[in-house]
Structure formats: C-alpha cells, structure tokens
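# Examination of the molecular architecture
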Amino acid sequence: MRLGYPCQNLTLSASTNHSLRLKSLSNQDRVHDAIRRNLEGLESILKWNTNQGWRLFRIGQHLVPFGSYPDFPFDWVDYYGPALERIGRQAQYLRQRLSMHPGQFINPGSPDKDVRSRGLAELRYSATALDLLGASDGVIVLHLGGAYDDRQAAKDRFTDCLASEPQILKYLALECDERTWPITDVVEVANRLGIPAIVDTLHHRINPDQLSLEDAFNLAFPTWGDRRPKIHLSSQDPDKMTGAHSARIEPDDFELMLRVLPRRDVDVMVEAKDKELALSFQKEAAVV
DNA sequence: CTGAGTCAAGGAGTA
DNA sequence: TACTCCTTGACTCAG
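These figures come from a predicted structure and were not determined experimentally. (Residues numbered from 1 in each chain as written. Chains lettered and ligands numbered in written order. Predicted model: local features only at pLDDT ≥ 70, side-chain atom pairs only at ≥ 80, totals over all residues. Heavy atoms only, no water.)

What follows concerns the side chain of Q61. With respect to the helices and strands, the residue Q61 is situated in the loop between β4 (56–58) and α2 (76–93). From its side chain, Q61 meets the backbone nitrogen of H101 in a polar contact 3.2 Å long. At 2.8 Å, the side chain of Q61 and the side chain of S126 are in polar contact. If sequence neighbours within four positions are ignored, Q61 has contacts with N17, M100, H101, P102, E122, Y125 and S126. (Helix = DSSP H or I, 4+ residues; strand = E, 2+ residues; numbered from the N terminus. Polar contact = N/O pair within 3.5 Å; in protein donor to acceptor, adjacent residues only side chain to side chain. Contact = heavy atoms within 4.5 Å.)

Laid out in structure tokens, this is it:
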C-alpha cells in the first residue's frame, strides 16, 4: 500500500494551489508569479515525499490558475511546458504518482451545454498538465455531479459528453459522492466509458447503496484492469455537517479499510485537513 | 495590523 | 425565492 495527500504540504508551507482573482488575470506578471510559486511548491513537495516514504500527490487545480479559461493571457503550454516536463521527469525518478481533481463545478452531465463545455475545457487542461508531466500512471479524479431530477438522463449525458475524449479518458477516474451517486452508479458509468472507479471510504459510508465497504472495493477494483487501484480515505469531522473531512484519520476508519481491502497493491489518497501530518501514524503500514 | 467578508465555479438541500 | 454547504488562497475593507 502506498499513501499520499492533496495539494499542499503544511510542514514545508508549500502549496501547488496559489491563484489570483479573475480580475487580475490580465496582469501577466501576477499570473507568472502564481505559476512559478506552484511549480516550486510541486518540486519541493515531491522531493520531500520520497524522502518521507509517501508516494502519491494530488496537484492543486490552480497549478496554472484559470488555465482552462478562453481569455487566459498567454500560451501556458508553450511557456511552462519545458518546466513541467523537467518536473515530471523528476517525479518519475522519485517514483511519485500524480493526480488532479477538478472541483464540484465541473459537470459533464449538466443539461446546460455551456456548463458541459467549460467542464471539458477544465478536463482538457488537467489532461494537458499530466501529459506534459509525462504522468503515465496519472489520474484525474471527478465526481459524476448533478442528477437533475432524472438520474438515467444525467448518466447518459455524462457518458456522451466524454465518450470521444481520449486525451481525458486516458487519466479519468470517477469517484462516488456522499449524496447523489453511490459506487454502484459510478462503476456503471465508468464501465460504459472504459475507465476506473474510486471508492471514497467516507462518502461510501454515508451513501452505500446497501453495499459493505468490502463489496464496494470488490466492485470498483476490477475497473482498474492492469493499473494500480486508487482509493480515498477520510474521516468525518464530528463538528461539521455529514461528509465534511476531519483533520486526521480515525484509527477505526483506517483499520476497517485495511481489514476489508481485497489486495495490498493499492494507492490510498488520504483526504484530511492536516494533509501530510494525517499520514504519520500510518507509517508502519506504508510498505510498498 | 488583524479579522471578517467576498470571490471564482454548479448543484443539492433546506427554510 | 433565497440562503447554505462543499474548498481555499487571494484580495478588500472596516476598525
């Protein structure tokens, strides 16, 4: 089992998610500044991870802030491609598996075609970043989004929107959510698109569709084929609404996951507010 | 100077 | 209809 965490490192005070206000996007100096800080953060985090034994990292979606917007002020692929290729080679040398996770605003299943096309742009931006990084085992994690009072139509639109997007599908994996789409629906859509499905342990507990966690793993893992499966591990914040991530992982949640995992060559993305600090107590289990 | 509020993005849920 | 939540760093503004 290998472990990782998303977006930033609190120990290093490093982030890959520096951004700017949309109003400042025309100020190229500010854009370059944010990107440079994100690339520096990424490089230092990857090095630190390998030294600590952590093997996964999710890049912040603002790596190139508003990189998917049509009025982005310059050709970021041209300008930062060489730097991304260099950092990507380093990531491979350090054996770090990279991922990205477009937010809840990315909805390929939306009935609104403008929402769909903005979503496609964000997914293409994410895939291009992973392409430049040479992340052959990279993953773009996405939720199915809304149901729009017609679940079947929403799933059909989602599938149709992405069916002819090989650049995106190469990386895309679909994750269950705590409210609308349990792992059963996610696996169904993933199979239709020929892509993998991700079980999130907290989301699954809240929205299980009558499946045990073990059932959910057994349903999702075959969608990965020869690729190494990924799952998400998180715990409920007791003071916040259902589904909110806590600062650390409850030992019980970790132990349940370990007990029912059908195989050990799994990558576990730990989603916790304390980021890399939430991984420490599990170090003894992080055996490659 | 600090802390509170707003902002980019879409949808679901509640009152 | 209008509000909140999901996330989080940037930025504004009141005090």
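Now, onward.
Further remarks concern the nonpolar core. One finds L172 and L174 to be the most contacted residues of the largest nonpolar core, which totals 82 residues. Leave out the neighbours within four places in its chain, and L174 touches L142, L144, F158, V186, V189, A190, I195, P196, A197 and I198. Counting five residues, the second largest nonpolar core, distinct from the first, contains V139, A173, I198 and W224. (Core = buried A, V, L, I, M, F, W, Y, C linked by side-chain atoms within 4.5 Å. Buried < 20%, exposed > 50% of the residue type's maximum accessible area, 1.4 Å probe, protein only.)

The N-to-C vectors of helix α6 (residues 183–193) and helix α8 (residues 213–220) enclose an angle of 5°; their axes lie 10 Å apart at closest approach. Overall, the two elements α6 and α8 adopt an arrangement that is roughly parallel. Contacts between α6 and α8 involve I183, T184 and V187 from the former and A216, L219 and A220 from the latter. Partitioned by chemical class, the residues of the contact of α6 with α8 number five nonpolar, one polar and no charged. (Axes fitted to C-alpha atoms, helices over the stretch in contact; angles between N-to-C directions. Parallel < 35°, antiparallel > 145°, perpendicular 65-115°, else oblique. Nonpolar A, V, L, I, M, F, W, Y, C, P; charged D, E, K, R; others polar.)

A few words now on the protein's contact with DNA strand C. In the vicinity of DNA strand C, the residues found are Q8, N17, H18, S19, L20, R21, S24, R30, R37, Q104, M241 and K275. Near the protein, within 4 Å, the atoms of DNA strand C are sugar or phosphate in 67% of cases. Measuring from a phosphate oxygen of DNA strand C, one finds a side-chain N or O atom of H18 at 2.7 Å. For DNA strand C, a phosphate oxygen lies 3.2 Å from a polar atom in the side chain of R37. Here the surface near DNA strand C is composed, by residue class, of two nonpolar, six polar and four charged. (Near = heavy atom within 4 Å.)

This part is about the protein's contact with DNA strand B. Looking at DNA strand B, there are 13 residues lining it, with F105, S110, R118, A147 and Y148 nearest. Near the protein, meaning within 4 Å, the atoms of DNA strand B are sugar or phosphate in a fraction of 54%, with bases accounting for the rest. The separation between a sugar or linking oxygen of DNA strand B and a polar side-chain atom of N107 is 3.3 Å. Within the contact set of DNA strand B, a phosphate oxygen lies 2.8 Å away from a side-chain nitrogen or oxygen of S110. Of the residues in the surface near DNA strand B, the class split is six nonpolar, four polar and three charged.

Under the definition given, this model contains 16 salt bridges. As a salt-bridge pair, R2 and D267 come within 2.7 Å of each other at their nearest N and O atoms. Taken together, the residues span a long stretch of sequence, with R2 in strand β1 (residues 2–6) and D267 in strand β10 (residues 267–270) at a distance of 265 residues. Measuring nitrogen to oxygen at the nearest pair gives 2.6 Å for the salt bridge that ties D267 to R228. Of the two residues, D267 sits in strand β10 while R228 sits in the loop between α8 and β9 (230–233), which places them 39 residues apart along the sequence. Classification of D267 as buried rests on a relative accessible area of 0%. Salt bridges linked by common partners bring R151, K155, D156, D185, E188 and R192 together as one network. (Salt bridge = Lys/Arg side-chain N within 4 Å of Asp/Glu carboxyl O.)

Another aspect to go through is the sheet that holds strand β8 (residues 197–198). With respect to topology, eight strands assemble into an open sheet ordered β8-β7-β6-β5-β4-β1-β10-β9, the strand pairing being parallel. With one partner strand each, in any of the chains shown, β8 and β9 form the two edges of the open sheet. Note that β4 and strand β5 (residues 97–100) share three bridges and pair parallel. Along β5, the bridge assignment pairs R58 with S99. (Pairing = 2+ DSSP bridges.)

Now for the packing of aromatic side chains. Scanning all chains against the criterion turns up eight aromatic pairs. Centroid distance Y5 to F57: 5.5 Å. Interplanar angle 70°. Geometry classified as edge-to-face. In this pair, Y5 sits in strand β1 while F57 sits in strand β4, placing the two residues 52 residues apart along the sequence. Under the relative-accessibility criterion, Y5 is labelled buried at 0%. According to the relative accessible area criterion, F57 is buried, its value standing at 0%. Taken together, the ring pairs in this structure connect F72, F74, Y79 and Y80 into an aromatic cluster. Of note, R151 hangs over the ring of W181, and the distance from its end group to the ring centre comes to 4.3 Å. The ring of Y148 has R157 sitting right over it, with the charged end atom 5.3 Å from the ring centre. (Phe/Tyr/Trp six-rings, centres within 6.5 Å; stacked < 30°, edge-to-face > 60°. Lys NZ or Arg CZ within 6 Å of the ring centre and 35° of its normal.)

Fair warning: the whole summary comes from geometry, so function is off the table for now.
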